[in-house]
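Descriptive analysis of the structure
The lines below spell out each chain.
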Amino acid sequence: MGSDHTHRRWSHLQKVLERSGPFCRPDFEPSSETLKFLMENCKLLVIGAGGLGCELLKDLALMGFRQIHVIDMDTVELSNLNRQFLFRHKDIGSSKAEIAAKFINARVSGCNVVSHFCKIQDKDEAFYRQFHIVVCGLDSIVARRWINGMLISLLVYEDGEIDPSSVIPMVDGGTEGFKGNARVILPGLSACIECTLDLYPPQVTFPLCTIANTPRLPEHCIEYVKVIQWPKENPFDCAIDGDDPQHINWIYEKATERAAQFGIQGLTYRLVQGVVKHIIPAVASTNAAIAASCATEVFKLATSCCASLNNYMVLNNIEGIYTYTYEAEKKDDCLACSQVPREIEIKDPNWKLKDLIELLCERSDLQMKNPGLTANINGKNKTLYMHTVQSIEEKTRENLQKTLQDLGLRDGIELNVADVTTPNTVTLKLKFSQTDVEML
Amino acid sequence: MIKLFSLKQAKKDGESPKAGTQKKASAAQLRITKDINELNLPKTCGTEFPDPDDLLSFKLIICPDEGFYRGGRFVFSFKVGPNYPHEPPKVKCETQVYHPNIDLEGNVCLNILREDWKPVLTINSIVYGLQYLFLEPNPEDPLNKDAAEVLQNNRRVFEQNVSKAMRGGYVGSFFFERCLK
Ligand SMILES: [Zn+2]
């Protein structure tokens, strides 16, 4: 690759990054180092290689980012090909992440996309910690909440203040038909997914008695088969898999019978697929616009050349083009991001659980009444003691007499404590004051 | 506004082979811990946690002390998913019951379990909703249509059918297992 070509290839970025301008952030320093950082060091994770993911990978790679990882558990399907343009007919059945990475690497010289064909939940903290920015093109709220929780769990607090170097910004795109949104989340600093969970409308559900007795819509018939007939007849001895054509077919046939019985029109195979998988038709142009906005935000975060989106952008293409931006507010009582883990000092590792509970009730800044305690030990949730629920109390009572060490409670373990005195479960981090001494 | 890349540091490749674990409890987990710790059960209800470490799946036992179902013992299974409280828990009745709002497969027609669920509701709200179903079975929203019709047309016959079912026996062509306390 000739230097002239290289120069021309990135000249537009150099104009932005090597000169100052009226829209630059005050702390922005024009320098050729920034482009170098962007190309050589800045490590991105793209979550999802579907409609948004294909756009994101293309946008980011052409923007100069080279250290890109992509993670997706799905395989290519025929119905993806109209908009997920990194895939071809021959790719059907292959991993989306792998095919997308291969395509970008072949098409954009110098770019190094690394693929991960798995669930996001299969990766651990060390994996996520390596990235500077995480970009999401997801269609699932569960997955969004999970990665949100993961990035928050990577935050390091010092004296109650967040260590900025532990913040991994999350740029999140979402689309539904002609509507979409892009947002920038600075975990621990600005509104997170959990703070704004109300924004996600709950799935449309129909009263069970309606779908059972007085169906009026084709959707009622499909829901009936899904909720009542499937568990009853269990045709394939497993839960419904929306990607299995046999399953969809079975539901389609049964729902058609039911629709005929009640004289309901409009039941189609596609509708069955849509209702079972909660699909809203994807629109390529919405994906393109939202991905472009997300990629721009990644660029701004990576280079500091311009202030970030603050912090939620809505796009509506249903009638004309409508967009506005507002600041989603961080919730003071957010279950995910307001939890500055408080430390609780354990003076003696031979303390019993009952001593710890006594401390929670006595400490002037806590003054709890009947705390219920759980902890995550070696990745497994453990209920240590819960006084208020009889059946749990009986099974956990013996823990009271055990020492913290015997219960697996070590230095740094986080306790989740629920009590009537606090609106939410609070997190307390155990600090054993003698650990250092013992180690010596 | 913090400048995230003032250090412009290269991040280390930290991927380790062990499976992913979040050291922090998930928001759903934190929320259910709170819900369970603050369960305020009516005296007719009790819970059973087969595995106390798993607060996401448990059973609720209702033993009504008044109304049609007095003397019965009804077990409900609760399954709380990772999207709680955005989505309601899945609740099934494990005891066969002759009831207009509960079908013979254990599906329960209770508005807050489906269309009227809101994240501010808690496990406690559901417990009270279920308890209410036994005090005031509602023939307007039937899931077991036969039972609803009988309740609407002849409360005495309904009452007899309920006791027949709870003692263990046939109502119509369906055999109910005994569920008296
Ligand atoms: Zn939050």
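One structure accompanies this document, and this report is about it. Bear in mind the structure is a predicted one, so any value in this text is a computation, not a measurement.

Details of the coordination of the zinc ion
Residues and elements named next belong to chain A.
- Coordination sphere of the zinc ion, protein contribution only: Cys192 (SG), Cys195 (SG), Cys334 (SG) and Cys337 (SG), at 2.2 to 2.3 Å.
- If you look at the zinc ion, its four donor atoms make angles of 99 to 119 degrees with each other, and the shape they trace is tetrahedral.
- Spacing between the donor residues of the zinc ion along the chain follows C-x2-C-x138-C-x2-C. Taken together, the positions of cysteine 192 in the loop between strand 8 (179-185) and helix 8 (208-213) and cysteine 334 in the loop between strand 10 (322-326) and strand 11 (342-346) put the pair 142 residues apart, joining distant regions of the chain. The same class applies to cysteine 192 as to cysteine 334, namely buried.

Overview of the pairing of strand 14 (residues 414-418) of chain A
Residues and elements named next belong to chain A.
- For strand 14, the tally of buried residues reaches five of five residues, placing the bulk of the element in the interior.
- Bridging between strand 12 (residues 372-377) and strand 14 involves four bridges; their strand directions are antiparallel. Bridging from a neighbouring strand, threonine 374 pairs with asparagine 416 of strand 14.
- Judged from the four bridges that link them, strand 14 and strand 15 (residues 426-432) form a sheet pairing that is antiparallel. Bridging from a neighbouring strand, glutamate 414 pairs with lysine 429 of strand 15.

Considerations on the packing of helix 3 (residues 145-153) of chain B against helix 4 (residues 155-167) of chain B
All names here are of chain B.
- Packing of helix 3 against helix 4 brings their axes to within 6 Å, and their N-to-C directions diverge by 135 degrees. Of the possible angle classes, the one that applies to helix 3 and helix 4 is oblique. On helix 4, the residues that touch Ala147, Val150, Leu151 and Asn153 of helix 3 are Arg155, Val157, Phe158 and Asn161.
- Split by residue class, the contact of helix 3 with helix 4 holds five nonpolar, two polar and one charged.

Quick look at the interface of chain B and chain A
- Each partner contributes residues to the interface: chain B has 58 residues there, and chain A has 86 residues.
- Roughly 6,100 Å² is buried in total at the junction of chain B and chain A, and carbon and sulfur atoms are behind 55% of that figure.
- In this structure, the connection of chain B to chain A is made through four salt bridges.
- For Glu48(B), the salt bridge is made with Lys395(A), and the minimal N-O distance between the two is 4.0 Å.
- Our enumeration of links across chain B and chain A arrives at 18 residue pairs in polar contact (both at pLDDT 80 or more).
- Mapped by element, the contributors of at least two residues to the side of chain B that touches chain A are helix 1 (27-37) and strand 1 (45-48) of chain B.

A few points about unusual backbone geometry
- In this model, Asn310(A) is joined to Asn311(A) through a cis peptide bond whose omega is -15 degrees.
- In this model, Tyr84(B) is joined to Pro85(B) through a cis peptide bond whose omega is 0 degrees.
- Considering the arrangement of structural elements, one finds Pro85(B) in the loop between strand 3 (74-79) and strand 4 (90-93).
- If you check the backbone angles, Asn234(A) has positive phi at about 40 degrees while not being a glycine.
- Within the element layout of this structure, Asn234(A) appears in the loop between helix 9 (218-233) and helix 10 (245-261).
- Its identity as a non-glycine residue notwithstanding, Ser304(A) has a phi of 60 degrees, on the positive side.
- Its place among the elements puts Ser304(A) in the loop between helix 12 (284-303) and strand 9 (312-316).

Let's talk about the environment of Asn316(A)
Residues and elements named next belong to chain A.
- Looking at the element boundaries, asparagine 316 is found in strand 9.
- In this structure asparagine 316 comes out as partly exposed when scored by relative accessible area, which is 22%.
- Separated by 140 residues in sequence, asparagine 316 and glutamate 176 have C-alpha atoms that sit 9.8 Å apart.
- Once residues lying within four places of it in the same chain are set aside, the contact partners of asparagine 316 are Phe178, Lys179, Ile321 and Tyr322.
- Within the structure, asparagine 316 has its side chain in polar contact with the backbone nitrogen of isoleucine 318 (distance 3.0 Å).

About the thresholds
- Residues numbered from 1 in each chain as written.
- Chains lettered and ligands numbered in written order.
- Predicted model: local features only at pLDDT ≥ 70, side-chain atom pairs only at ≥ 80, totals over all residues.
- Heavy atoms only, no water.
- Donors = N, O, S within 2.8 Å, 3.2 Å for Na, K, Ca; no water.
- Tetrahedral: all angles 85-135°; square planar, octahedral: opposite > 155°, others 65-115°.
- Helix = DSSP H or I, 4+ residues; strand = E, 2+ residues; numbered from the N terminus.
- Buried < 20%, exposed > 50% of the residue type's maximum accessible area, 1.4 Å probe, protein only.
- Pairing = 2+ DSSP bridges.
- Axes fitted to C-alpha atoms, helices over the stretch in contact; angles between N-to-C directions.
- Parallel < 35°, antiparallel > 145°, perpendicular 65-115°, else oblique.
- Contact = heavy atoms within 4.5 Å.
- Nonpolar A, V, L, I, M, F, W, Y, C, P; charged D, E, K, R; others polar.
- Buried area = accessible area lost by both parts, 1.4 Å probe.
- Salt bridge = Lys/Arg side-chain N within 4 Å of Asp/Glu carboxyl O.
- Polar contact = N/O pair within 3.5 Å; in protein donor to acceptor, adjacent residues only side chain to side chain.

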